[in-house]
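Summary of structural features
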Amino acid sequence: MVMKRALAILTLLIIGYWMASALANVPFGADKMLVAQYYLNHVKAQTGAVNAVTAVVVNYRGFDTLGEVTVLFIASTGVAALLWRKKRERTAETEGSIVLTTGARLLFAFIVLFGAYIFIHGHLTPGGGFPGGATIATAFLMLYLAFSAYEIPHRSFEVTEGLAGMGYVAVGLIGLAIGSYFLFDWIWQTWGWGHSNIGRLFSAGFIPVIYTIIGIKVGTELSGIVDSMVKEGGE
Amino acid sequence: MINCIQCIEYVMVLVMILAAIFAVEWKDLLAAVVGMAAVSLVASILFFFLQAPDVAMTEATIGAAMSAAVFIFAIKRTQRYETEEEEKLGWWIRW
């Protein structure tokens, strides 16, 4: 026991010394990255987005984001598969208090609206598809907590999630057909839409389109995860 | 003159560390989840002060709301209190 811990401390010290000596030559706070400055200089001309973070996430690194969406899809599939039972239903005994139910009824639409705002305006203001979708999912979580018999409409949520995932790939494939590579920004670079109103809603090529798709997908997926965790199944 | 925003930041970091220690030490797991959610909430406010509002939004929704809910559902299916057998060693050696 003690031996094991001493060994663990020794290993940690060696790894720590190794990493510290590797990072010692990197000056703290100095800008050594050339690619970041490149993005900041060219982001408006190349993507039309005012928010450079969104441009990097959706446009320059769009394929990576497709991978992230896939990871989330696999996670929600895994949760649903692990918790799967033949007959599953909600087992909450008590309804939420009147404050909770009234507040949930009142706030639900506003929370969904705020989430939609976050992902629709992803190319203008901070935020994007992932925070927006998570915000929408918290609205459904609130409904689950407030009402003891509430369930999301499963059929339409699954269909929406699948269509959103296919829509992302379809946008990428249209880019492959029109331009030269997968997830080529055809709306901005080929059609040239929105070049005159950078900084307004209808600009930035396919970034709002893709972020809307991601927001819908993340929202429905996280709601599905919440649903499969809340419900308990009999054997 | 003392910069007041900085005072608030120090206080929030202190609250965060306290909540993290409580989240580890509390035997009542439901209270520990609340402590963990408090860490996430304060972290999201700190992210906002550090001019990263998008990270702050994600931290508030995922860290404070969704993961706390997931932990609470897990506690509902298992048990609420830590058992004594796991706690034989003192906190100073339990790393």
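Another point: the overall build of chain A. What chain A contains, in helices and strands, is nine helices and two strands. Start at the N end of chain A and walk to the C end: the helices and strands fall as α-α-α-α-β-α-α-α-α-α-β. Whereas a compact globule of 235 residues would reach a radius of gyration of roughly 18 Å, chain A reaches 23 Å, over 25% beyond that. With the principal axes as the frame, chain A shows a C-alpha extent of 65 × 60 × 35 Å. Across the 235 residues in chain A, those meeting the buried criterion constitute 33%. In chain A, of all internal contacts separated by at least 6 residues, the share reaching a separation of at least 24 is 72%.

Take the overall build of chain B next. The secondary structure content of chain B amounts to three helices and zero strands. Walking chain B from its N terminus toward its C terminus, one meets helices and strands in the order α-α-α. Burial analysis of chain B (95 residues in total) assigns 21% to the buried set.

At the interface, 11 residues of chain B touch 16 residues of chain A. Looking at side-chain class alone, the side of chain B that touches chain A contains eight nonpolar, two polar and one charged residues.

This part takes up the confidence of the model for chain A. Here chain A shows a mean pLDDT of 84. Residues at 70 or above account for 98%. Mean pLDDT in chain A bottoms out at strand β2 (residues 232–233) of chain A, which sits at 68, and peaks at helix α5 (residues 98–120) of chain A, which reaches 91.

Let's shift gears to helix α6 (residues 129–146) of chain A. Compared with the 26 Å implied by 1.5 Å per residue over 18 residues, the 26 Å span of α6(A) between its first and last C-alpha is a close match. Most of α6(A) sits out of view: 17 of its 18 residues are buried.

Before going further, it helps to spend a moment on the nonpolar core. Proteins that are soluble and globular tend to have nonpolar side chains buried together. In terms of nonpolar packing, the biggest core is built from 55 residues, with A:Ile207, A:Ile210, A:Ile214 and A:Val226 touching the most fellow members. Here this core gets 12 residues from one element, more than from any other, and that element is helix α9 (residues 207–230) of chain A. Every residue in contact with A:Val226, bar those within four places of it in the chain, is listed here: A:Ala137, A:Phe140, A:Leu141, A:Tyr144 and B:Ala69.

Another aspect to go through is the confidence of the model for chain B. In low-pLDDT regions, the fine details of the predicted coordinates are not to be read closely. A residue-level look at chain B finds 84% of positions with pLDDT of 70 or above and a mean pLDDT of 82. Among the scores for the predicted complex, ipTM is 0.74 and pTM is 0.78.

So, how was this worked out
- Per chain, residue numbering runs from 1 following the sequence as it is written.
- Each chain is given a letter, starting from A, and each ligand a number, starting from 1, according to the order in which they appear as written.
- In keeping with the model being predicted, local features are shown solely for residues with a pLDDT of at least 70 and side-chain atom pairs are shown and tallied solely at 80 or more, while totals for entire chains, interfaces and linings include all residues.
- To qualify as a helix, a DSSP run of H or I must reach at least 4 residues; to qualify as a strand, a run of E must reach at least 2; elements of each kind are numbered from the N terminus.
- Radius of gyration: over C-alpha atoms. The globule rule applied is 2.2 Å multiplied by the number of residues raised to the 0.38 power.
- Residues are called buried when their C-beta atom has 20 or more other C-beta atoms within 10 Å, exposed when it has 12 or fewer, and partly exposed otherwise; all C-beta atoms are positioned from the backbone.
- It is the C-beta atoms, placed from the backbone, that decide contacts: two residues are in contact if theirs lie within 7 Å.
- Nonpolar residues are Ala, Val, Leu, Ile, Met, Phe, Trp, Tyr, Cys and Pro. Charged residues are Asp, Glu, Lys and Arg, and all others, Gly as well, are polar.
- As a per-residue quantity, pLDDT reports the predictor's confidence and falls between 0 and 100.
- For a helix, the expected span equals 1.5 Å multiplied by the number of residues minus one.
- When buried Ala, Val, Leu, Ile, Met, Phe, Trp, Tyr and Cys residues are joined through C-beta atoms within 7 Å, the set is termed a nonpolar core.

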